[in-house]
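Structural description and commentary
Now for the letters of each chain:
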Amino acid sequence: MTYHTRQPFQKAASGAEIERLLHHMPTVAQWSEEAWAKGFAQSVLKQSRRKGWTPSAKQLPVMRGLVNDLFTRASDGEGEFNPIES
């Protein structure tokens with residue numbers, strides 16, 4: 001028998017939240033400076049095309065974090081991303 005460390009409780013995602021997260025994944029893929037984040041966003045978008053797909057327990061918090069970072073990252077002035085204008 002193996003023991004796994006428990007992840008902090010993650011609230012289940014509603015259909016509307018999943019749609020919102022998926023809506024922002026192309027922008028994450030385009031504007032992310034990290035290769036893994038671009039690859040993750042592209043992978044999630046590809047998987048989401050499957051009928052009945054929902055993000056896994058590991059994917060959901062990563063998706064939430066990437067979208068949150070998209071809106072809260074500190075602006076460096078030049079090349080600033082404005083989600084309202086995109």
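See the structure shown above.
All of the points below concern the structure found in this document.

Thresholds, definitions, all that
- Residues numbered from 1 in each chain as written.
- Predicted model: local features only at pLDDT ≥ 70, side-chain atom pairs only at ≥ 80, totals over all residues.
- Heavy atoms only, no water.
- Core = buried A, V, L, I, M, F, W, Y, C linked by side-chain atoms within 4.5 Å.
- Buried < 20%, exposed > 50% of the residue type's maximum accessible area, 1.4 Å probe, protein only.
- Helix = DSSP H or I, 4+ residues; strand = E, 2+ residues; numbered from the N terminus.
- Contact = heavy atoms within 4.5 Å.
- Axes fitted to C-alpha atoms, helices over the stretch in contact; angles between N-to-C directions.
- Left-handed = near helix turned anticlockwise from the far one by under 90°.
- Nonpolar A, V, L, I, M, F, W, Y, C, P; charged D, E, K, R; others polar.
- Salt bridge = Lys/Arg side-chain N within 4 Å of Asp/Glu carboxyl O.
- Polar contact = N/O pair within 3.5 Å; in protein donor to acceptor, adjacent residues only side chain to side chain.

Topic: the nonpolar core
Counting 16 residues, the largest nonpolar core has Leu22, Met25, Val28, Val44, Trp53 and Met63 as the members making the most contacts within it. For this core, the secondary structure elements donating two or more residues are helix H1 (15–31), helix H2 (35–47) and helix H3 (59–72). With six residues, H1 is the largest single contributor of residues to this core. In contact with methionine 63, other than residues within four places in its own chain, are Leu21, Leu22, Met25, Phe40, Val44, Trp53 and Pro55.

Considerations on the packing of H1 against H2
Viewed as axis vectors pointing N to C, H1 and H2 meet at an angle of 145°, and their least axial separation amounts to 8 Å. Considering the relative orientation of H1 and H2, their crossing is left-handed. On H2, the residues touching Leu22, Met25, Pro26, Val28, Ala29 and Gln30 of H1 are Ala37, Lys38, Ala41, Gln42, Val44 and Leu45. For the contact of H1 with H2, the per-class residue count stands at nine nonpolar, two polar and one charged.

A few points about the environment of valine 62
One can find valine 62 in helix H3. On a C-alpha basis, the gap between valine 62 and alanine 41 in space is 9.6 Å, while along the polypeptide they are 21 residues apart.

Some details on the pattern of salt bridges
The final tally for this structure, using the stated rule, is one salt bridge. Across the salt bridge formed by arginine 64 and glutamate 17, the nearest N and O atoms sit 2.7 Å from each other. With arginine 64 in helix H3 and glutamate 17 in helix H1, this pair connects stretches of sequence that are 47 residues apart. Considered together, arginine 64 and glutamate 17 belong to a single accessibility category, that of buried residues.

A few points about the environment of glutamine 59
Within the secondary structure layout, glutamine 59 lies in helix H3. Its relative accessible area of 12% is what places glutamine 59 among the buried residues. Along the sequence, glutamine 59 and phenylalanine 40 sit 19 residues apart, while their C-alpha atoms lie 8.9 Å from each other. For glutamine 59, the side chain forms a polar contact with the side chain of glutamine 47, separated by 2.9 Å.

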